[in-house]
Amino acid sequence: MIRWRRYMGLVLVVALVATMGFAQNKNTAKSRFWHAFNARYNTYYNGHMAFLDGNLEKEKGHKDNFTELLPLYPVGNKQSRDIGKSHYERTVEKMEKAIQRHTIKVKGREQNPFLWKAWLMLGKAQFQMGQFEEAAATFSYMARLYLGNPARNGLARAWLAKSYTMLGWRYDAEDVIRNMSRDSMDFRAVKDWDYTYANYYISVADYPKAVPYLRKAIKHERRKTQRAREWYLMGQIQNLMGNQEEAYKAFARVIRCSPPYELQFNARIAQTEVLAKNNGKQMIGKLKRMAANDNNAEYLDQVYYAIGNIYLAQGDTLQAISAYEKGNLKSTRNGVEKGVLLLTLGNLYWEKEKFADAQRCYGEAIGLLDKDRKDYDELSRRSKVLDELVPYTEAVHLQDSLLLLARMGDKERLQAIDRVIVELKKKEKEARDSELENNANTQQTFNQSNFGSVNQRAVPQSAGTQQAGGAWYFYNPTAVSQGKTTFQREWGRRENIDNWRRSNQTVVRQPSGDEAANDSVMVALGDETARTVGDSIDAPVDSTALDPHNRAYYLAQIPFTDEQQAACHDIIKDGLFHAGIILKDKMERLNISERYLRRLTIDYPDYEHNPEAWYHLWLLYSRQGRTAEAAECLARLKADYPDNEYTLLIADPYYAENARFGEQIEDSLYAATYDAFKHDEFLVVKHNTQLSATRFAQGAHRDKFVFISGLSLLNEGDGDGCLEQLQQVVEKYPDSEVSPLAGMIIKGVQDGRKLRGGKFDIGDVWTQRDIVLKRDSSITDTLSTERTSHYLFMLVYQPDSVNQNQLLFELARYNFTNFLVRNFEIQIDQDGELNRMIVSGFLSYDEALQYARMLYENEPLRRYTSRSMRLIVSEQNLPLLGTQYTYDEYQQFYERELAPMQVSKDNLLINPEAVDAPDIEDELPAKPAEQPAPATQKKQQKVLDFDDDFW
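Note that this is a predicted model, so its numbers are computed, not measured.

### Quick word on the pattern of salt bridges
No. 1: Tallied over the entire structure, the rule returns 39 salt bridges.
No. 2: The salt bridge partner of D410 is R413, with a shortest N-O separation of 2.8 Å. Taken together, the positions of D410 and R413, both in helix α19 (residues 410-450) and three residues apart, correspond to about one turn of that helix.
No. 3: With a relative accessible area of 7%, R413 lands in the buried category.
No. 4: Linked through salt bridges whose partners overlap, the residues forming this network are K63, E262, D301, R333 and E337.

### Quick word on the packing of aromatic side chains
No. 1: Throughout the structure, instances matching the rule amount to 41 aromatic pairs.
No. 2: Geometrically, the ring pair formed by F127 and W159 is edge-to-face, given 5.3 Å between the ring centres and 85° between the ring planes. Highlighted residues: F127 in helix α4 (residues 115-128) and W159 in helix α6 (residues 150-167), separated in sequence by 32 residues.
No. 3: Among the residues examined, F127 registers a relative accessible area of 0% and is labelled buried.

### What about the sheet that holds strand β7 (residues 834-842)?
No. 1: Strand order in the open sheet formed by four strands is β6-β7-β5-β8, with antiparallel pairing between adjacent strands. Only two strands of the sheet have a single neighbouring strand rather than two, namely β6 (825-831) and β8 (869-874). Direction aside, neighbouring strands of the sheet carry axes that sit 25° apart on average.
No. 2: In the sheet, strand β5 (residues 791-797) pairs with β7 via seven bridges, with the strands oriented antiparallel. Its bridge partner lying in β7, V796 is registered against R836.

### Quick notes on the nonpolar core
No. 1: Grouped together as the largest cluster of nonpolar side chains are 151 residues, with contacts concentrated most on Y232, L386 and M587.
No. 2: Considering every element that reaches this core, the biggest residue donor is α4, with nine residues.
No. 3: Excluding residues that lie within four positions of it along the chain, M587 makes contacts with W350, F355, V385, L386, L389 and I582.
No. 4: Formed by 42 residues, the second largest nonpolar core is a distinct cluster that contains F793, M837, A852 and V873.

Conventions adopted
Residues numbered from 1 in each chain as written. Predicted model: local features only at pLDDT ≥ 70, side-chain atom pairs only at ≥ 80, totals over all residues. Heavy atoms only, no water. Salt bridge = Lys/Arg side-chain N within 4 Å of Asp/Glu carboxyl O. Helix = DSSP H or I, 4+ residues; strand = E, 2+ residues; numbered from the N terminus. Buried < 20%, exposed > 50% of the residue type's maximum accessible area, 1.4 Å probe, protein only. Phe/Tyr/Trp six-rings, centres within 6.5 Å; stacked < 30°, edge-to-face > 60°. Pairing = 2+ DSSP bridges. Axes fitted to C-alpha atoms, helices over the stretch in contact; angles between N-to-C directions. Core = buried A, V, L, I, M, F, W, Y, C linked by side-chain atoms within 4.5 Å. Contact = heavy atoms within 4.5 Å.

Below is the structure:
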């Protein structure tokens, strides 16, 4: 009865208040009560419930990476930020609506007693969506709005510091925290500040200060799963501080919270690792019992990773590698846990100089780990270097093994082959057993996850859940990266072009299974062995020679003939040479590099690249300070290769100076050479080019010296010498920035253009007196001076020199807003190396010229078109441009014939196209006799830099 009376009283109050009208900004007791009541039980309530739903969804969908320090808030994991997003967006919408409708501001202060909760909830929703900058802006405004209220201001500043911390703005977060420590903290804001302090000190790795605040945060936490996460984080921090006992107790508290199984399992794994220092055998036994538990079948990679870590801590590297390999073999998930295991395993192989195994591990790990990891760049670098190195080292190892088999007696050879076959069968059996076990575990996990859900109605997932769990393949960066890794492992690194399978026949893919030995020998020995094994279509092939379980398969691949052995030695030479250089320059493994290069120069003294090998050995010894060995290399070069470029390079008396200051000296020499070239000082160009060849034969500007030297020969009338040097640029320096320009000149000559003597302008290759174009007699090559025909306005430019999309947009907008009765069309076409933007629709030359003048007066368009050539061309003359006449030749024609003409002073562009064009010839005086263009209208020649436009 009492409850009913209270309910009726509340209804009457609501009805009474609803009948009263209040102005939003009216600051009275009644208006404040009405706006607070309406904001709380209408918009705020709905937004608050959506916020709770978002938190629940984020808690269930969030997946922690237990191989790293857990974030205090799940939103700290980038993959979890979109979970619950739709609920948080509804919260933001409702809070903004509440603030807009029910705010009462007086002198910059909010008078609605409830609205501070809407501001706080708005910022929290933005924070949970990962929109930390927006949240910081909200909390900063709230702090200013409630500056006189310690509790509300303290809450806003606590969340402001959290937002700054999540953004990584350490200075700003520290400033807020320092200012707050000076002020008295309201007791109602203490809880939020405990979380803020804990989050900040963890982010800056000040763990001793973080621990007491984290303990307080755990006491405040009411959600069981989040409290378990915080205890796990406490255990990780205690372990990092070296407090193993405290870490063990913290992980035990995780288990006592009865969290989800994955969190509980990782806590048990962590317990074994923190106590493994003095109880290694006991902890390993516990982990092996966990591995035998069917409930842990999905987490075997983590179990064996922990076992490997214990062995590694005890200094037993072999056992650690064995455990890691077993975890990799038994892993059923392709997640970050497996990626960390493979990364650790790859690092061990890298240190032990087992580069093929390291490449295998790195190649798979790179597709499983997040690119934001601190060690991801080093992982990527190592993977790329090993992709380059391993084909050479494996080729050397394979050919050495085959040659050793060829030298063995029959009995020893067959025994070695039998051992390979036994090992192959053993691996195949292990692979089959592992596959059956993984399939059984996967099926068991699937059955458990679907148990009892047959009669349940399917619940649609929110956008955030779908993104996190069931996203399309190409929206999942990890899945895409794994696919790329698998492709590269199977096919190698291929360009994205048509017929990619046939684009590079030298790529050696890494085969798997039964074809591994066969394919590797095919690549190593070439076509001769391939025909021996059975690729020949002429000779019948014994089926046993194709079965790796038979001796004949291996005997067919052993190089018994002199030709086959010579092919093996060729592969060994190439592998030793390239592997030695990669090991020295890209991996700093000088000892192994020395071994490879020494073997090459001693075992194969007739190898064609031995001078370069001796040069790299000289560099290696010089770097190590081994002067005697370096002198030996120099003496060998002088004795055996006196005229070789590497001998001359290190025998140069200026070598030490070049090594220290060569880059600066060459830069200065090139700058002087180019300046001399522009001022027709060709003797200086010739002298400096020769100096570059002797002192900087391997210099960064050598390609440009050769290019300029070739152009100088053109100015001397030596066209053949010019083409010869330009051809050298194209062939020897294909990646040079001047190589395309050299190739264009060569192609022009091949197409029939002729080079003549005269002043050469590097920015105007075919347009001066140097050029005579090949004319087609069947085409009329006379430029028309007809003024009343249809004309075009044209911008000609190099594609890289102009922002084409922006220019098109600005030009289209200009036409649309300035010419309401005319419809000027814009099209873009390509003329060789140049692009042309053509504006059509002008009925006469006068209209086109008026349009060009108006366009030039527009400041933004003048800026966008500054790096383009502006032309007015009739439709009749357009086909002659670029074929019969160059753009400069047309420009000269225009200035001579069309520019002196007087044009109509009336604005012709305001007339629609349907109106006939005026008879210009009748209105204007007759064209004067042939007159030379004024001197001010003649185009001045300009010598451009390499980066400027050329026509």
